[in-house]
Amino acid sequence: MALRNVVLEGDDILRKHCREVSEVTDRIRTTMEDMLETMRDQFGVGIAAPQVGVMRRMFVAEPEPGRVYYMINPVILEQSGSQIDDEGCLSVPGMIGTVERPDYIKIEALDLDGNKQVYEFHDFDARVMCHENDHLDGILYIDKATNVRNASEDTYLEEEQ
């Protein structure tokens with residue numbers, strides 16, 4: 001496994017639609033393991049392929065330590081409810097913003113073995129999956145966010161209260 005460079009906002013690659021993965025190969029598996037290592041190194045909970053310069057429909061998410069999901073060619077089948085909370089992004093370092101997301105999603109994707117899986121997510125897990133899935137269509141959280149602000153200023157304000 002290897003650490004990859006994280007593509008930052010302003011790079012055109014983050015605004016492009018990714019292509020489907022035609023076959024889950026060893027190269028795809030290695031890329032996804034590299035993505036997981038890179039995400040953990042940056043203290044993230046998810047990372048999508050375009051964030052490491054790979055224009056394929058795949059992402060890795062770890063909404064809590066040790067619970068890792070590898071999503072290849074994900075499709076959101078259902079969504080419902082609403083939740084509003086702050087988000088950040090490895091490609092938009094140092095910033096956070098308030099985003100409305102579904103409270104529930106059902107998502108279908110291939111796993112690392114190329115097998116189709118269907119998952120259901122609620123709350124924070126649903127938020128993470130939606131955030132990462134947006135990257136595959138060239139959408140960043142800041143496109144949907146209100147109150148985008150410097151994360152360090154926000155932390156400072158919380159300490160003051």
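Structure: above.
Residues numbered from 1 in each chain as written. Predicted model: local features only at pLDDT ≥ 70, side-chain atom pairs only at ≥ 80, totals over all residues. Heavy atoms only, no water.

Q: For this particular structure, what's the right way to read the environment of A49?
A: With respect to the helices and strands, the residue A49 is situated in the loop between β1 (46–48) and β2 (58–64). Classification of A49 by relative accessible area gives buried; the value is 0%. Separated by 84 residues in the primary sequence, A49 and N133 place their C-alpha atoms 10 Å from one another. (Helix = DSSP H or I, 4+ residues; strand = E, 2+ residues; numbered from the N terminus. Buried < 20%, exposed > 50% of the residue type's maximum accessible area, 1.4 Å probe, protein only.)

Q: Explain the nonpolar core here, please?
A: In this structure, F59, M71, I105, I107, F121 and M129 are the most contacted members of the largest nonpolar core, which totals 21 residues. Those elements that place two or more of their residues in this core are β2, β3 (67–80), β6 (104–110), β7 (116–122) and α2 (123–135). The greatest single-element share of this core, amounting to 4 residues, is contributed by α2. (Core = buried A, V, L, I, M, F, W, Y, C linked by side-chain atoms within 4.5 Å.)

Q: Any chance you could explain the pattern of salt bridges here in plain terms?
A: All chains considered together, the criterion is met by 14 salt bridges. The partner of D26 in a salt bridge is R29, with the nearest N and O atoms 2.9 Å apart. Of the two residues, D26 and R29 are both situated in helix α1 (residues 26–41); the distance of 3 residues between them amounts to about one turn of the helix. Across the salt bridge formed by K116 and E108, the nearest N and O atoms sit 3.9 Å from each other. Judged by its relative accessible area of 58%, K116 is exposed. By relative accessible area, E108 is classed as partly exposed at 22%. One connected set of salt bridges, linked through shared partners, spans E87, R101, R127, D134 and K144. (Salt bridge = Lys/Arg side-chain N within 4 Å of Asp/Glu carboxyl O.)

Q: What is the right way to read the sheet that holds strand β4 (residues 83–89) from this model?
A: Strands belonging to one sheet form pairs held by backbone hydrogen bonds; the direction of such a pair is parallel or antiparallel. With antiparallel pairing, 3 strands are arranged side by side in an open sheet as β4-β5-β8. A single partner strand is all that each edge strand has here, and the edge strands are β4 and β8 (146–150). In this sheet, neighbouring strand axes are inclined to one another by 20 degrees on average, regardless of whether the strands run parallel or antiparallel. Pairing geometry for β4 and strand β5 (residues 92–101), over 6 bridges, is antiparallel. Each bridged residue has a counterpart across the sheet, and for D85 the counterpart in β5 is V99. Its contacts with the sheet put α2 on β4 and β5, and the angle it makes with β4 is roughly 50 degrees. (Pairing = 2+ DSSP bridges. Axes fitted to C-alpha atoms, helices over the stretch in contact; angles between N-to-C directions. Contact = heavy atoms within 4.5 Å.)

Q: Whenever I open this one, the side chain of N133 confuses me. Can you help?
A: Mapped onto the elements, N133 comes out in helix α2. Setting aside chain neighbours within four positions, we find N133 in contact with F59, P74 and I76.

Q: Would you mind going over the packing of aromatic side chains with me for this structure?
A: Geometrically, a pair of aromatic rings is defined through the distance of the ring centres and the angle of the planes. Counted by the stated rule, this structure contains 3 aromatic pairs. Residues Y69 and Y119 carry aromatic rings whose centres are separated by 5.5 Å and whose planes lie at 85 degrees to one another, so their mutual orientation is edge-to-face. Pair noted here: Y69 is in strand β3 and Y119 is in strand β7, with a separation of 50 residues, a long-range link. Looking at Y69, the relative accessible area reads 15%, which means it is buried. (Phe/Tyr/Trp six-rings, centres within 6.5 Å; stacked < 30°, edge-to-face > 60°.)

Q: Where do I start with α2 in this structure?
A: Residues lying three or four places apart along an α-helix face the same way, a consequence of the helix completing one turn every 3.6 residues. Here α2 is 13 residues long and its end C-alpha atoms lie 19 Å apart, about the 18 Å a rise of 1.5 Å per residue gives. Along α2, the residues that are buried comprise D125, A126, R127, V128, M129, C130, H131, E132, N133, D134 and H135. (Expected span 1.5 Å × (residues − 1).)

Q: Sorry, what's going on with the pairing of β7 here?
A: The side chains of a regular strand alternate between both faces of the sheet. Note that β6 and β7 share 7 bridges and pair antiparallel. Looking at β7, one finds that I107 is bridged to Y119. Linking β6 to β7, which pair antiparallel, is a turn of 5 residues; within it G114 sits at a positive phi near 80 degrees.

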